[in-house]
Amino acid sequence: MVATTKNSAALTVATPSDREIVISRVFDAPRTLVFDAYTNPEHLPHWMLGPEGWTMPVCEIDLRPGGAWHFGWRHSDGTQMEMRGTYKEVRPPERIVSTESWGGDWPETLNTQIFSEENGKTTVVCTLLYPSKEARDAALKTGMKEGMALSFKRLDERLGALATG
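Residues numbered from 1 in each chain as written. Predicted model: local features only at pLDDT ≥ 70, side-chain atom pairs only at ≥ 80, totals over all residues. Heavy atoms only, no water.

### Comments concerning the environment of tryptophan 47
Looking at where tryptophan 47 falls in the secondary structure, it is placed in helix H2 (residues 44-47). Residues tryptophan 47 and alanine 135, spaced 88 residues apart in sequence, show a C-alpha to C-alpha distance of 26 Å. (Helix = DSSP H or I, 4+ residues; strand = E, 2+ residues; numbered from the N terminus.)

Below is the structure:
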């Protein structure tokens, strides 16, 4: 299954097992720049937003094994949501493994992000491991694919702006 956004590269979404979602996207930027945009609180609030109308007023990152992260979003209508987790492994600029929790009834996931570069282009592969097939299927029904496609389109734009400086 593939989700795309207008004028952007394809976001590929696959379900290789009953408990996994694997999302991949190629960015026309070097791996170090993509990794920085993924891990620097200066950059994330500019692109990790999902649908229009959201801002990210909370972006806390302690990028080290055992360190915590916390992201909070606010919609123009006053709605708020947040997620948090703990870093299990951090190997700049190639790999991040962390937990992710949205709170409430949503189960914690284990997320692995791999950054690989070839000919100046970086492929990001995110593997989300859920505790059950039911949890994975519920996540797929939330609109996550469309939200990630929009966020990655914004990341592409942010990377272009950072590259031209």
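### Quick notes on the side chain of histidine 70
Relative to the helices and strands, histidine 70 is located in strand S5 (residues 68-75). Residue class for histidine 70 comes out buried when judged on its relative accessible area of 12%. Those residues within four positions of histidine 70 in sequence are excluded, and the remaining contacts are Val58, Cys59, Glu60, Glu82, Met83 and Arg84. (Buried < 20%, exposed > 50% of the residue type's maximum accessible area, 1.4 Å probe, protein only. Contact = heavy atoms within 4.5 Å.)

### What to know about the state of the cysteines
By definition, a disulfide links the sulfur atoms of two cysteine residues through a covalent bond. Taken as a whole, this structure holds 0 disulfides when the rule is applied. For cysteine 59, which is in no disulfide, the shortest distance to another cysteine sulfur is to cysteine 126 and amounts to 16 Å. Accessibility expressed as a relative area gives 3% for cysteine 126, which makes it buried. (Disulfide = S-S within 2.5 Å.)

### Topic: helix H4 (residues 144-164)
Compared with the 30 Å implied by 1.5 Å per residue over 21 residues, the 30 Å span of H4 between its first and last C-alpha is a close match. What H4 keeps buried is the set Met144, Lys145, Gly147, Ala149, Ser151, Phe152, Arg154, Leu155, Arg158 and Leu159. Immediately beyond the C-terminal end of H4, within one or two residues, lies glycine 165, with a positive phi of roughly 60 degrees. (Expected span 1.5 Å × (residues − 1).)

### Quick notes on the packing of helix H1 (residues 31-39) against H4
The N-to-C vectors of H1 and H4 enclose an angle of 120 degrees; their axes lie 10 Å apart at closest approach. Considered as vectors, H1 and H4 are oriented oblique to each other. As H1 packs across H4, the resulting crossing turns out to be right-handed. Counted together, Leu33, Val34, Ala37 and Tyr38 of H1 and Phe152, Leu155, Leu159, Leu162 and Ala163 of H4 form the full contact between these two elements. Its residues assigned to classes, the contact of H1 with H4 shows 9 nonpolar, no polar and no charged. (Axes fitted to C-alpha atoms, helices over the stretch in contact; angles between N-to-C directions. Parallel < 35°, antiparallel > 145°, perpendicular 65-115°, else oblique. Left-handed = near helix turned anticlockwise from the far one by under 90°. Nonpolar A, V, L, I, M, F, W, Y, C, P; charged D, E, K, R; others polar.)

### What to know about a nonpolar patch on the surface
A cluster of nonpolar residues, Met81, Trp102 and Trp106, forms a patch on the protein surface that exposes about 290 Å² of accessible area. Exposure remark for tryptophan 106: the relative accessible area of 39% places this residue in the partly exposed category. (Patch = residues over 30% accessible without salt bridge, like charges linked within 9 Å, V, L, I, M, F, W, Y side chains within 5 Å. Areas by Shrake-Rupley, 256 points an atom, 1.4 Å probe, with all protein chains shown as cover. Salt bridge = Lys/Arg side-chain N within 4 Å of Asp/Glu carboxyl O.)

### Quick look at the pattern of salt bridges
Considering all chains together, one arrives at 11 salt bridges under this definition. Of the charged contacts, one joins lysine 121 and aspartate 28 as a salt bridge, the two residues approaching to 3.9 Å between their closest N and O atoms. Separated by 93 residues along the polypeptide, lysine 121 in strand S9 (residues 121-129) and aspartate 28 in the loop between strand S3 (20-27) and H1 bring together distant segments of the chain. We classify lysine 121 as partly exposed; its relative accessible area is 38%. A salt bridge links glutamate 82 to arginine 84, with the shortest nitrogen-to-oxygen separation between them at 3.3 Å. By relative accessible area, glutamate 82 is classed as partly exposed at 37%.

Everything listed here is a matter of geometry and, on its own, says nothing about what the molecule does.
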